[in-house]
Each structure stands twice: as structure tokens, then as C-alpha cells.
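Architecture at a glance
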Amino acid sequence: MAEESPSSRKSNEIEHKVYARAGLLGNPSDVYYGRTISFSLANFWATVRLQPSHHLVITPHPTHDLVQFSGLDHLVNRLQSEGYYGGVRLLMSICKVFYNYCNENNIELSKENFTLSYDTNIPRQTGLSGSSAIVCAALNCLLDFYKVRHLVKVEIRPDLILSAEKELGIIAGLQDRVAQVYGGLVYMDFNKDHMEKLGHGVYTPMDTSLLPPLQLIYAENPSDSGKVHSTVRKRWLEGDEFIVSSMAEVADLALQGQTAILEKDYSKLADLMNRNFDLRRSMFGDDALGSLNIEMVEVARRVGAASKFTGSGGAVVVFCPDGPPQVKLLEDACKEAGFVIQPLKVVPSYLNEDDLKTLLG
Ligand SMILES: Nc1ncnc2c1ncn2[C@@H]1O[C@H](COP(=O)(O)OP(=O)(O)O)[C@@H](O)[C@H]1O
Ligand SMILES: O=C(O)[C@H]1O[C@H](OP(=O)(O)O)[C@H](O)[C@@H](O)[C@@H]1O
Ligand SMILES: [Mg+2]
């Protein structure tokens, strides 16, 4: 299962690449002690580079952390489309979480400093987990720079990545981070007992070759996962019966999906994907999901394909049960609607030997 980790080292520089992820079934129940099946995709990735340096420096990205504008209209347009934040706060936050975790667990860190910089081609805030890709790649750099990879268990790493985002007030779940730490296709069970006893879920890598060809549709339409989740989260915490039972049904789709994928029962997979989106829609409501996002799902369904969000909105994973002619119909429909469509490329697992050793210990 292990492939070489997508990292590289030039003299004493460290670079890690982490791919976008798609939730195939069960999301967003990961935020609610549920189950999901998710995978990393080679279509998009973020890279973080670490270079040893005298001071500790977090380098702003020239475009994602823009602070120089041609004028007020440029500044205001930019804030309206992309919000106030780029990746700098993500890098700072994972440094803090990593440092605290090492302190609390008696993992000694040398006194050396570094400069962190990042780049990403993951379409911003489209539910492809651009945020945790940056955080995960930074964590990988820190693990290697301080040579502590063997001391930080693989199952714990998604929690560290999530803590870094929670620290910033981003409402998020673990599925993104698990898919991005493990790579490949992973079945995840976030059962409450396990989560409380072990401090993490139970993660089972699956063979990526079991998946049928899948398509990705997305639009440049940033949506904030925190905002999308906040009302449903509040209702769930209050014990709202409809939300609690619907979320349990979403979690069950991943359980059924695991069997369907293992048996290559793709018509069942299509039904489960569609049901997944229908349940999300009934819980979150059309206003929170946004008409453009709903249209991306609908465009696929109009050609008879199965479709659902990869994350909280912005991108859609599609399965065309009738094969290439149906994919062609879908491409034409997307072109007309102004959506980008491309075949999904699933990344195999990229845990290395040191990572695998921590799973045994
Ligand atoms: N492509 C990106 N470049 C820079 N920062 C990003 C990017 N995508 C996300 N972020 C940062 O992560 C935060 C949370 O993003 P989120 O809503 O979770 O989007 P995603 O679905 O891509 O993970 C953003 O507010 C921003 O600070
Ligand atoms: O709503 C979802 O399906 C996911 O939303 C977040 O992911 P994002 O890529 O930021 O949209 C969240 O982090 C995930 O855990 C949810 O499953
Ligand atoms: Mg995110």
C-alpha cells in the first residue's frame, strides 16, 4: 500500500505536497460522529516549503495573501470574492499546535528555526479542502525538519490539523485531514465511543482500483465551510430530532457504500451518492447551499448521473453509470452552464515506512 511520500529535499530544504480531497459518501457526518468514505485526488494540490533560517519566518503568498492593491475598488472586490484570509494564519496555527503537542507529549524539539512558504492550485474554498491541504503539508514539513515523524502517530495527525483550523474558528471535520494524511481511498468511522476512548476515529484504507471512473465539476465560487455548517451544527448540538436522525442516515450511507464498493455494486453506489446529497439539501436548506452549488448537482442528474458535494460546497463528485457517452453529455451540459469538468484522478496511499511504523506501535 505504501508509495513514496510526495516530498522532496533540496540540500536542507524540505517540501511536501498534499492533494485535494473529495468526500465520496457520508460527508458531512464526520463532523457529527458519523462515517465517511473519502479520497485524495491528483487534480489539485498544495505545497509547503521549509528552509532552515536564522529567524522563524512565515512568508505570505504573493497572490493568496495579497496586501498591495491598485486602489480601493481592487481591495474591496478582492475582499468580497475571497474574504480577509489567506494561508498565513493556517501556517502559524499549525506551528502553534505542533509545538504544544510536542511539549505535552515530551517530544523534544531542537532549537533550529525555519522559513515556511506555500503555494496551492486547489480552487479556493470549493469544498476540495484547500485549507487542510496547506495545513497538512506544513505539518509534514515540521515532522521532517525536527525529525519526529516516528513519534507522532499517523492517526493523531488529522486531529492536529483540525485543531489548527479550529483555533481559527473554522468549523470543520476530520474526513479531509484523514484523506490528506493517508492519501488514497479511506473508509472512516468516527463513532463517539472510539473518538472518546482513542482520541481519533478508525481509519481503513481501501484499494483505489475498486472505484469506477468519476468526474469532478466545480465553479469559481468560494463558500465558507464554517458559515455553511454553523446553523446545522447548532441544531445538532441542541438535539434537533430531524438533524440527528438525518445525520445518522448520512453516516449509514458510508457503511453501505463500503460494501457496495468492495462488491463493485456501482448501481448501489449511484443511489447512495444521490441520497447523500438529498439528505444534505433537506438539512441545510437551499439558501445555505447556494443556487450555483445546487445547479452543479442538478446538471449531472439531468443527464442521468449520480452526484453530490465533495465537501461543503463549490465542487461536485459525479458518477456516470452509462460510461463515456454519458460523460460526453455531461461535458456538454457543463460547458453550457459555465462549470469546469474534469476526470477525477485518485491518488494512491502515500504513507511511508516511518508512518506505517507508528500505526503498529
Ligand atoms: N486556496 C487557498 N489559498 C489560501 N488560503 C486558503 C485557500 N483555501 C482556503 N484558504 C484558507 O482556509 C480558510 C478556510 O477555508 P475553507 O472554507 O475550509 O475552504 P476549503 O473548502 O478549500 O477547505 C480560508 O478562510 C482561508 O484562510
Ligand atoms: O460539509 C462537508 O461535507 C465538509 O465540509 C468541510 O470541508 P470543506 O472542504 O471545507 O468544505 C469539513 O471540513 C468536512 O469535515 C465536511 O465533511
Ligand atoms: Mg476547509
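These notes cover the structure that comes with them. Note that the coordinates shown come from a computational prediction; the quantities given were computed from them, not determined experimentally.

A few words now on the side chain of D176. Examined against the element boundaries, D176 turns out to sit in helix α5 (residues 175–182). Setting aside chain neighbours within four positions, we find D176 in contact with R21, S129 and S132.

This paragraph deals with the site of ligand 1. Lining the immediate environment of ligand 1, one finds 21 residues, of which G86, R89, Q125, G130 and S131 sit closest. For ligand 1, an oxygen atom lies 3.1 Å from a polar atom in the backbone of G127. Here an oxygen atom of ligand 1 and a side-chain polar atom of S131 are 2.8 Å apart. Burial of ligand 1 by the protein amounts to 96% of the accessible area it has alone, namely 540 Å². Elements that contribute at least two residues to the shell around ligand 1 include exactly α2 (88–104), β5 (113–120) and α3 (130–145).

A few words now on the site of ligand 2. Around ligand 2 lies a shell of 18 residues, among which D30, D176, H229, R280 and S312 are the nearest. Between an oxygen atom of ligand 2 and a main-chain N or O atom of S129, the distance comes to 3.3 Å. Within the side chain of S312, a nitrogen or oxygen atom sits 2.5 Å from an oxygen atom of ligand 2. Here ligand 2 loses 96% of its free accessible area of 400 Å² to cover by the protein chains.

What follows concerns the packing of helix α4 (residues 157–166) against α5. Between α4 and α5, the shortest axis-to-axis distance is 8 Å and the interhelical angle comes to 130 degrees. The angle between the axes of α4 and α5 places the two elements in the oblique class. The chirality of how α4 crosses α5 is right-handed. When α4 is examined against α5, the residues R157, P158, I161, L162 and E165 are found in contact with a partner set consisting of R177, V178 and V181. A class-by-class count of the residues in the contact of α4 with α5 yields five nonpolar, no polar and three charged.

To continue, consider unusual backbone geometry. Across the junction of N27 and P28, the peptide omega takes the value 10 degrees, indicating a cis bond. By the secondary structure assignment, P28 is in the loop between β2 (13–25) and β3 (35–53). Despite not being glycine, Y33 shows a phi value in the positive range, around 55 degrees. When you line up the elements, Y33 lands in the loop between β2 and β3. Owing to a relative accessible area of 36%, Y33 belongs among the partly exposed residues under this scheme.

In this fold, D355 is placed in helix α13 (residues 353–360). Overall, the relative accessible area of 2% leaves D355 in the buried class. The spatial distance from the C-alpha of D355 to the C-alpha of Y32 is 27 Å, given a sequence separation of 323 residues. When sequence neighbours within four positions are dropped, the list of residues in contact with D355 reads R149, V154, R157 and Y350.

Moving on: the nonpolar core. By size, the foremost hydrophobic cluster in this structure holds 117 residues, and its most contacted members are L24, F39, V48, L116, I217 and L330. It is α3 that provides the largest number of residues to this core, a total of 11 residues. Excluding residues within four positions of it along the chain, L24 makes contact with I37, S38, F39, L211, L214, I261, M273, N276, K308 and V317.

Reading the values: rules and limits
- Residues numbered from 1 in each chain as written.
- Chains lettered and ligands numbered in written order.
- Predicted model: local features only at pLDDT ≥ 70, side-chain atom pairs only at ≥ 80, totals over all residues.
- Heavy atoms only, no water.
- Helix = DSSP H or I, 4+ residues; strand = E, 2+ residues; numbered from the N terminus.
- Contact = heavy atoms within 4.5 Å.
- Near = heavy atom within 4 Å.
- Polar contact = N/O pair within 3.5 Å; in protein donor to acceptor, adjacent residues only side chain to side chain.
- Areas by Shrake-Rupley, 256 points an atom, 1.4 Å probe, with all protein chains shown as cover.
- Axes fitted to C-alpha atoms, helices over the stretch in contact; angles between N-to-C directions.
- Parallel < 35°, antiparallel > 145°, perpendicular 65-115°, else oblique.
- Left-handed = near helix turned anticlockwise from the far one by under 90°.
- Nonpolar A, V, L, I, M, F, W, Y, C, P; charged D, E, K, R; others polar.
- Buried < 20%, exposed > 50% of the residue type's maximum accessible area, 1.4 Å probe, protein only.
- Core = buried A, V, L, I, M, F, W, Y, C linked by side-chain atoms within 4.5 Å.

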